[in-house]
Amino acid sequence: MHVKLTNGQPSQFPYTVGQLRRDNPQTSFPKNIPVEIMRRHGMFPVEELTKPVFDPLVQTLVRDEMPHKEVIRLKTEEDATDPITGEVDQSQVGEPIYGNKWLIGYTVEDKPQDQAEEAIRSKRNGLIADTDWMALSDNTMSPAWASYRQALRDITDQAGFPYAVEWPTKPS
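Residues numbered from 1 in each chain as written. Predicted model: local features only at pLDDT ≥ 70, side-chain atom pairs only at ≥ 80, totals over all residues. Heavy atoms only, no water.

**Q** Teacher, can you tell me more about the sheet that holds strand β3 (residues 43-48) here?
**A** Whether parallel or antiparallel, the strands of a sheet pair through hydrogen bonds between backbone atoms. Taken in spatial order, the five strands make up an open sheet running β2-β1-β3-β6-β5, and their pairing is mixed. Edge strands, defined here as strands with exactly one partner in the open sheet, are β2 (9-12) and β5 (68-74). Mean inter-strand twist for the sheet, computed between neighbouring axes without regard to direction, equals 55°. Pairing of β5 with strand β6 (residues 96-104), which is carried by five bridges, proceeds in the antiparallel orientation. By the bridge assignment for β6, V71 is matched with Y98. (Pairing = 2+ DSSP bridges. Helix = DSSP H or I, 4+ residues; strand = E, 2+ residues; numbered from the N terminus. Axes fitted to C-alpha atoms, helices over the stretch in contact; angles between N-to-C directions.)

Now the structure itself:
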């Protein structure tokens, strides 16, 4: 995965080797283009950050539109001190110090309420259906299983429904 920079800012992402070749028709590139040549043409590798944990029933994972530079750390007063005068430029304190890597991250977004509710109800209904055989007239259901089935039916009454559901534990 690569990004195309224009004036030091991301202008196209993702950016492919094929696009680099099309954007530079007068340039003869080797079959495997070295990173140094890509960089000279404004093409930089992008590292993918670890994807956050999310609940696919009620949330979606959205990749950021553009990569950002790696922040190594924030400037301290020592970094913002003029070596000649010893004066501290307070406007620089807390500003980022960037590394050479370009990173792409992800954001977790809640699905619309109606879709989230439908997904939770569907899962709940499937879990209840899996235990319906226990409720047949020729079967005696244990209190643990009856409690489990009731907890499943009560899922929609939970305070966090549908985004923060506590699923009951299936009896063994």
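**Q** I'm lost on the side chain of R149 in this one. Help?
**A** Locating R149 in the fold gives a position in helix α4 (residues 143-153). Residue classification places R149 among the buried positions, given a relative accessible area of 9%. Sequence-distant contacts of R149, defined by excluding residues within four places in its chain, comprise I128, T131, D132, A135 and M141. (Buried < 20%, exposed > 50% of the residue type's maximum accessible area, 1.4 Å probe, protein only. Contact = heavy atoms within 4.5 Å.)

**Q** In this structure, what is going on with the pattern of salt bridges? I would like to understand it.
**A** Opposite charge on two side chains makes pairing possible when the charged atoms of those side chains draw close. Counted under the stated rule, the structure contains four salt bridges. Residue D79 is joined to R73 by a salt bridge in which the shortest nitrogen-to-oxygen separation is 2.6 Å. Overall, the relative accessible area of 34% leaves D79 in the partly exposed class. For R121, the salt bridge is made with E117, and the minimal N-O distance between the two is 3.6 Å. One end of the pair is R121 and the other is E117, both in helix α3 (residues 113-130) and four residues apart, which spans about a single turn. (Salt bridge = Lys/Arg side-chain N within 4 Å of Asp/Glu carboxyl O.)

**Q** Mind showing me how you'd approach the packing of α3 against α4 here?
**A** What describes two packed helices is the angle between their axes and the distance between those same axes. Where α3 meets α4, the closest approach of the two axes is 9 Å, and the angle between their N-to-C directions is 160°. Relative to α4, α3 is oriented roughly antiparallel. As for the relative orientation of α3 and α4, their crossing is left-handed in sense. In this structure, α3 uses R124, L127 and I128 to contact α4, whose residues at the interface are Y148, R149, L152 and R153. (Parallel < 35°, antiparallel > 145°, perpendicular 65-115°, else oblique. Left-handed = near helix turned anticlockwise from the far one by under 90°.)

**Q** Can you walk me through the side chain of R124 in this structure?
**A** Position of R124 relative to the elements: it lies in helix α3. Among buried Asp, Glu, Lys and Arg side chains, R124 stands out as unpaired, with D154 the closest opposite charge at 7.7 Å. If sequence neighbours within four positions are ignored, R124 has contacts with L152, R153, I155, T156 and W167. (Lys, Arg positive; Asp, Glu negative; His and termini not counted.)

**Q** Can you walk me through α4 in this structure?
**A** Owing to its 3.6 residues per turn, the α-helix brings residues three or four apart onto one side. Of all the positions in α4, only W145, Y148, R149 and L152 are classed as buried. Seen end-on, α4 carries its buried residues on one side only, within an arc spanning 95°. In the core, the buried residues of α4 are packed alongside α3. (Arc of directions from axis to C-beta.)

**Q** What exactly am I supposed to notice about the environment of M43 here?
**A** Along the polypeptide, M43 turns up in strand β3. Note: C-alpha distance between M43 and K4 (39 residues apart in sequence) is 4.7 Å. The residues touching M43, leaving out its near neighbours within four places in the chain, are H2, V3, Y15, T16, V17, L20 and M38.

**Q** Explain α3 to me, please; I cannot follow it from the model alone.
**A** Helix length check: α3, at 18 residues, gives a terminal C-alpha distance of 26 Å against a target of 26 Å (1.5 Å per residue), a fit within 8%. For α3, the set of buried residues is A116, A119, I120, R124 and I128. On the buried face of α3, the contacting elements are α4. (Expected span 1.5 Å × (residues − 1).)

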